Amino acid sequence: MKQASSPPFGKFEAKIFMTKHIFVTGGVVSSLGKGLTSASIGMLLERRGLTVRMQKLDPYINVDPGTMSPYQHGEVYVLDDGSETDLDLGHYERFTNSPLTRQSNYTTGQIYLSVIEKERRGEFLGKTVQVIPHITNEIKQCIKGIGGDGVDVVITEIGGTVGDIESQPFLEAIRQFAHEFGKENCLFIHLTLVPWLKVAGELKTKPTQHSVGQLRQIGIQPDILICRTERELPNEERAKISLFCNLPQEAVIEERDKDFSIYEVPLSLVEDGLDELCAKRLGLPSATPEIDDWRDLLHRLRNPEAEISIAVVGKYAEHKDAYKSIYEAIDHAGMANHIQIRIGRIRAEAVEREGPERVLAGYDGVLVPGGFGERGIEGKVEAIRWARERKIPFLGICLGMQCAVIEFARNVVGLDGAHSTEFDKNSQHPVIALMDEQQNIVDKGGTMRLGAQIADVKPGTTAMECYQENTISERHRHRWEFNNTYRQQLEASGLVIAATSKNDSLVEIVEVADHPWFVAVQYHPEFKSKPTCSHKLFSGFVKAAAKRISQSQFSPTA
Ligand code: GLN
């Protein structure tokens, strides 16, 4: 670690400084949007010319969220290196250019696993292994590990809410970290709720005071408070919070609910001077963040030239976080094409019960996302049949691709009972089968085909039209695959194998020849879409849906 030298002037000299650390904690209630706020801070600092790294510490005992249901945890976000991580890392990747790796997300489970493995190897011989110092040291090591040479700022978000038993070792560890690393090199930001009490007609600051009180009991005095509110935070309340929570009034920042778009968050934080405050407090150079492209993006979002609707047919339609990156990627494609998109979250079981004509009528595009388990499978297959037969643009992702193959095999090729062996082990036509490499795997955590894999795209396909590249790299998370035994038979009936893995062994993209836009992929393109750079497949899909509308406006029979 380099020592601090003379004060830097201008962007690049900032790099000679030792890494600074920002810790983001949350209080009062969960779901305040700590991930989004942390990502916004990262983005603003990056756009001031700093090199930023993002990290999340999660207090649950699972080693990673890969084994949790979307009901519990929302989407599992997959990185290039194959780690299965918290969905907040999706915000980090969408807002910043910070490269994310296994070091970007640690859980209590991982921390304990590592300490216990060290204990078994005899690394603590003669000692009693304890939360303090062994667990806290391990946590500090994880924080330190992501900083270092060339990194100006590390932002570490602590999952959970202050006061939770599970968060305590993490809070103790960051307290110790600041003590050892120097208070001038560390910044504590606490996100709280200032609720509006209807009966009293007032914003209430007491929960914030209590939450800060709890932090101070642990020995952490927040430097900045970000107050989530649904109403404007008047100066009087700001002054009260400042006095009781022991910090300057300018360090009490309002973050009002955004009912239009989450992409407004960084802009409102800039207006409140949050980035300048962080820079000042950490001794980083003064600068103005370059955010014109972000303003432009919001301008496009506010001034669409057309409107379309896309149906996302999944098992967890009612859960807003289960397909988070998919919804985001659709929005990005809308921004890129100046189109406002209404997303219909459709339960696959509703398609089974009521039929696609009732549930899907009027949608300009259909998307079937990834998933596990049999519930809703037949509804997904029906939705795909509807899109294929009516020539409605369709994008299938992972399980969505597997369902598209099942649908094609059953209804075009005539293979009755075609299925995936995930759902019917004795299927007469197992068009989707367990990958060879998966046959002998018993453990469930982190054992799928995961992370970035290379694929070759075939010329003349819709995929090639979108990507304009022969070789692509996309992120995977699956155990089952297109069964190559059926390749020729399905191709002969008009299924196009548009991309395969490097040695042609695994099918990565299928398309339907006689259809304006039908693309189904074995991987997860949604993880690589950004608001400033929409994923090419999503962009192509949305463009095709918009084209269908404009054509049907001229031709009543279309
Ligand atoms: N359940 C399927 C598999 O494991 C699809 C996985 C997914 O959609 N991510 O292959």
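Report follows, based on the coordinates. All values reported here derive from a predicted model rather than from experimental measurement.

Time to look at the sheet that holds strand S17 (residues 429-434). On the basis of which strands lie adjacent, the open sheet formed by three strands has the order S16-S17-S20 and mixed pairing. With one partner strand each, in any of the chains shown, strand S16 (418-420) and strand S20 (480-482) form the two edges of the open sheet. Pairs of neighbouring strands in the sheet enclose a mean axial angle of 30°, with direction left out of account. As judged from the three bridges shared by S17 and S20, these two strands associate in the antiparallel manner.

You can see Glu119 is positioned in helix H4 (residues 108-120). Setting aside residues up to four positions removed in sequence, Glu119 forms contacts with Phe124 and Val129. Side chain to side chain, Glu119 and Arg120 meet in a polar contact 2.7 Å long.

Attention now moves to the nonpolar core. Grouped together as the largest cluster of nonpolar side chains are 54 residues, with contacts concentrated most on Ile22, Ile41, Leu45, Ile155, Ile189, Ile224 and Cys278. Of the residues forming this core, the biggest block, six residues, is contributed by helix H1 (residues 34-46). Grouped together as the second largest cluster of nonpolar side chains are 42 residues, Ala311, Ile384, Met401 and Trp480 included.

Attention now moves to helix H11 (residues 292-302). For H11, the complete set of buried residues consists of Trp294, Leu297, Leu298 and Arg300. Projected onto a plane normal to the axis of H11, the buried residues spread over an arc of 155° and lie on a single side. Turning to H11, the residues buried within the fold contact H1, helix H3 (88-95), helix H9 (265-271) and helix H12 (324-336).

It is worth spelling out unusual backbone geometry at this point. Note: most residues except glycine have negative phi, and most peptide bonds are trans. Cis rather than trans, the peptide bond between Ile132 and Pro133 has omega equal to 15°. Among the structural elements, Pro133 can be located in helix H5 (residues 131-146). Phi is positive for Val28, which is not a glycine, with a value near 75°. With respect to the secondary-structure elements, Val28 resides in the loop between strand S1 (20-26) and H1. Of note, the phi angle at Asn246 is positive, near 65°, even though the residue is not glycine.

Here the focus is the site of the ligand. In the region of the ligand, the neighbouring residues are Gly370, Gly371, Phe372, Cys398, Leu399, Gln402, Glu422, Arg477, His478, Arg479, Trp480 and His524. In the environment of the ligand, an oxygen atom lies 3.0 Å from a nitrogen or oxygen atom belonging to the backbone of Leu399. Contacts to the ligand include His524, whose side-chain N or O atom sits 3.3 Å from a nitrogen atom. For the ligand, whose unbound accessible area comes to 290 Å², protein coverage reaches 99%. Every element with two or more residues in the shell around the ligand is listed here: helix H16 (399-413) and strand S19 (471-478).

Let us look at the packing of helix H15 (residues 377-389) against H16. Here H15 crosses H16 at 70°, and the two axes come no closer than 9 Å. Put simply, H15 runs roughly perpendicular to H16. Every pair of crossing elements has a handedness; the one defined by H15 and H16 is right-handed. Taking contact as the criterion, the partners of Ile377, Glu378, Lys380, Val381, Ile384, Arg385 and Arg388 in H15 are, on H16, Leu399, Gly400, Cys403, Ala404, Ile406, Glu407, Phe408, Arg410, Asn411 and Val412. Here the residues of the contact of H15 with H16 sort into nine nonpolar, two polar and six charged.

On to the sheet that holds S1, then. With parallel pairing, the seven strands of this open sheet are ordered in space as S5-S2-S6-S1-S7-S10-S11. Looking at the sheet topology across the chains shown, the edges are occupied by strand S5 (105-107) and strand S11 (252-256). The sheet shows a mean angle of 20° between the axes of neighbouring strands, direction not considered. Helix-sheet contacts for H3 involve strand S2 (52-58), S5 and strand S6 (153-158), and the interaxial angle to S2 is about 170°. Set on the sheet, helix H8 (residues 235-245) makes contact with strand S10 (224-229) and S11; between it and S11 the angle comes to about 130°.

To continue, consider H3. Counting buried positions over the eight residues of H3 gives eight, a clear majority of the element. Among the residues of H3, those classed as buried are Asp88, Leu89, Gly90, His91, Tyr92, Glu93, Arg94 and Phe95.

Counting across every chain of the model gives 39 salt bridges. Within this structure, Lys56, Asp58, Asp86, Asp88 and Glu157 form a network of salt bridges that share partners.

Once that is clear, we can look at the packing of aromatic side chains. Going through the model one piece at a time under the given rule, you end up with eleven aromatic pairs. Relative to Phe177, the ring of Phe23 has its centre 5.7 Å away and its plane inclined at 75°; by these criteria the two rings are edge-to-face. In this pair, Phe23 is assigned in strand S1 and Phe177 in helix H6 (residues 168-181), connecting sequence segments 154 residues apart. No difference in accessibility class separates Phe23 from Phe177, as the two residues are buried. Three or more aromatic residues link up through ring pairs in this structure, and these residues are Phe23, Phe177, Phe181 and Phe188.

Okay, the packing of H1 against helix H10 (residues 274-282) next. Between H1 and H10, whose axes approach to 10 Å, the crossing angle comes to 70°. Between H1 and H10, the angle is such that the two are roughly perpendicular. Listed contacts from H10 to Ile41, Leu44 and Leu45 of H1 are Leu274, Asp275 and Cys278. Its residues placed into classes, the contact of H1 with H10 shows five nonpolar, no polar and one charged.

Each value, and the rule that gives it
- Residues numbered from 1 in each chain as written.
- Predicted model: local features only at pLDDT ≥ 70, side-chain atom pairs only at ≥ 80, totals over all residues.
- Heavy atoms only, no water.
- Pairing = 2+ DSSP bridges.
- Helix = DSSP H or I, 4+ residues; strand = E, 2+ residues; numbered from the N terminus.
- Axes fitted to C-alpha atoms, helices over the stretch in contact; angles between N-to-C directions.
- Contact = heavy atoms within 4.5 Å.
- Polar contact = N/O pair within 3.5 Å; in protein donor to acceptor, adjacent residues only side chain to side chain.
- Core = buried A, V, L, I, M, F, W, Y, C linked by side-chain atoms within 4.5 Å.
- Buried < 20%, exposed > 50% of the residue type's maximum accessible area, 1.4 Å probe, protein only.
- Arc of directions from axis to C-beta.
- Near = heavy atom within 4 Å.
- Areas by Shrake-Rupley, 256 points an atom, 1.4 Å probe, with all protein chains shown as cover.
- Parallel < 35°, antiparallel > 145°, perpendicular 65-115°, else oblique.
- Left-handed = near helix turned anticlockwise from the far one by under 90°.
- Nonpolar A, V, L, I, M, F, W, Y, C, P; charged D, E, K, R; others polar.
- Salt bridge = Lys/Arg side-chain N within 4 Å of Asp/Glu carboxyl O.
- Phe/Tyr/Trp six-rings, centres within 6.5 Å; stacked < 30°, edge-to-face > 60°.

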